[in-house]
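# Structural overview
Next come the chains, spelled out residue by residue.
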Amino acid sequence: MGLSFFKKTTVVTFVIGGIAGLIAALGLEEMDRLTSTDKFCTLCHLTQVYIAESETYKTSSHQMRTSGVRAGCADCHIPKGLIPATYIHVVKGAEDLWGEFTFDYNDPKVWKAERPRLAYAVRDWFRDNDSVTCRECHKEASIKPKRKRGQRQHQIALDEDMTCIDCHYNLVHEEIEPRQSFLDSAGNK
C-alpha cells in the first residue's frame, strides 16, 4: 500500500534537509575561499599599509622563495578545513572589524601602540593551536636545518614538546619582542 503519510513526510524532510545542508556547506566553502585571498585580507588599511606593503613582509622568507612558492595571509592565519576555517573567519574577522572601528590605524602612532598587543595575541593563538598552520606546509620530520645550531635547536624543540612559534615568532612581520612570560612558557603548549 506504500508509505504512510508520516514516513513520506520524514523522507521528504530528510531529502530537503540534506540538500539545504549541502548548499550551506558549499556556500561556506566558497565564502572561506573568497575571504582567504591576499586581495581580501589587504582590503583594510591596517593590513595593506602596515603589513602587505612593508619591506619586512615583502623580503621575508615566506615571500622571497627561489621556488616561486609564496605563503599568503591565509596560509599562516587560517587553518585548513571547513569548520576551523569558518570559525576563524567569523571570530577573528569580527575582532579585526572591531579593531578597525575602534582604533584609528591611519595614525601610525596608534598602530605602533597596538602592534605589540596584536602580535602577542597571534603568538598565543599559534601556541594554543600547536602552530597548526605552520604544520600544514612544514612537515616536522622533513625539516633538516643545514647548520649545527639549527639541528640542535630543532632536536631540543622535539625533545621539549615545543611548537614552531616558540622560536619562530618574528618570521614575516616587523619585529616585536616577545613577552617574558611567552619565552618562559615555551614548550608548555
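Given the structure is predicted, the values throughout are model-derived calculations rather than measurements.

Our focus in this paragraph is the environment of Glu-114. Mapping Glu-114 onto the fold places it in helix α7 (residues 108–128). Classification of Glu-114 by relative accessible area gives buried; the value is 13%. Each C-alpha atom, one on Glu-114 and one on Gly-99, is 9.7 Å from the other, the two residues being 15 residues apart in sequence. Residue contacts for Glu-114: discarding those within four places in its chain leaves Phe-103 and Tyr-105.

Let's shift gears to the pattern of salt bridges. For side chains bearing opposite charge, pairing can occur when the charged atoms are close. Within this structure, the stated rule accounts for eight salt bridges. A salt bridge links Glu-30 to Arg-33, with the nearest nitrogen and oxygen atoms 2.6 Å apart. In this pair, Glu-30 and Arg-33 are both assigned in helix α1 (residues 5–34), three residues apart and thus about one turn of the helix distant. Exposure remark for Glu-30: the relative accessible area of 34% places this residue in the partly exposed category. Overall, Arg-33 belongs to the partly exposed group, its relative accessible area being 48%. In this structure, the salt-bridge partner of Asp-75 is Lys-80, at a minimum N-O distance of 3.6 Å. Members of the salt-bridge network, linked through shared partners, are Asp-130, Arg-135 and Glu-140.

Here Asp-130, not a glycine, exhibits a phi torsion of approximately 50 degrees, which is positive. Here Asp-130 shows up in the loop between α7 and α8 (132–137). Asp-130 sits in the partly exposed class, given a relative accessible area of 27%. A positive phi angle is found at Asp-161, which is not glycine, with a value near 55 degrees. Locating Asp-161 in the fold gives a position in the loop between α9 (148–159) and α10 (180–184). Residue classification places Asp-161 among the partly exposed positions, given a relative accessible area of 43%.

Where like charges cluster on the molecular surface, the positive patch consists of Arg-147, Lys-148, Arg-149 and Arg-152. Relative to the elements of secondary structure, Arg-149 occurs in helix α9.

Before going further, it helps to examine the environment of Arg-135. Among the structural elements, Arg-135 can be located in helix α8. Arg-135 gets classed as partly exposed once you look at its relative accessible area, which sits at 22%. The spatial distance from the C-alpha of Arg-135 to the C-alpha of Cys-76 is 9.7 Å, given a sequence separation of 59 residues.

What counts and what doesn't
- Residues numbered from 1 in each chain as written.
- Predicted model: local features only at pLDDT ≥ 70, side-chain atom pairs only at ≥ 80, totals over all residues.
- Heavy atoms only, no water.
- Helix = DSSP H or I, 4+ residues; strand = E, 2+ residues; numbered from the N terminus.
- Buried < 20%, exposed > 50% of the residue type's maximum accessible area, 1.4 Å probe, protein only.
- Contact = heavy atoms within 4.5 Å.
- Salt bridge = Lys/Arg side-chain N within 4 Å of Asp/Glu carboxyl O.
- Patch = residues over 30% accessible without salt bridge, like charges linked within 9 Å, V, L, I, M, F, W, Y side chains within 5 Å.
- Areas by Shrake-Rupley, 256 points an atom, 1.4 Å probe, with all protein chains shown as cover.
- Lys, Arg positive; Asp, Glu negative; His and termini not counted.
- Charge placed at Lys NZ, Arg CZ, Asp CG, Glu CD.

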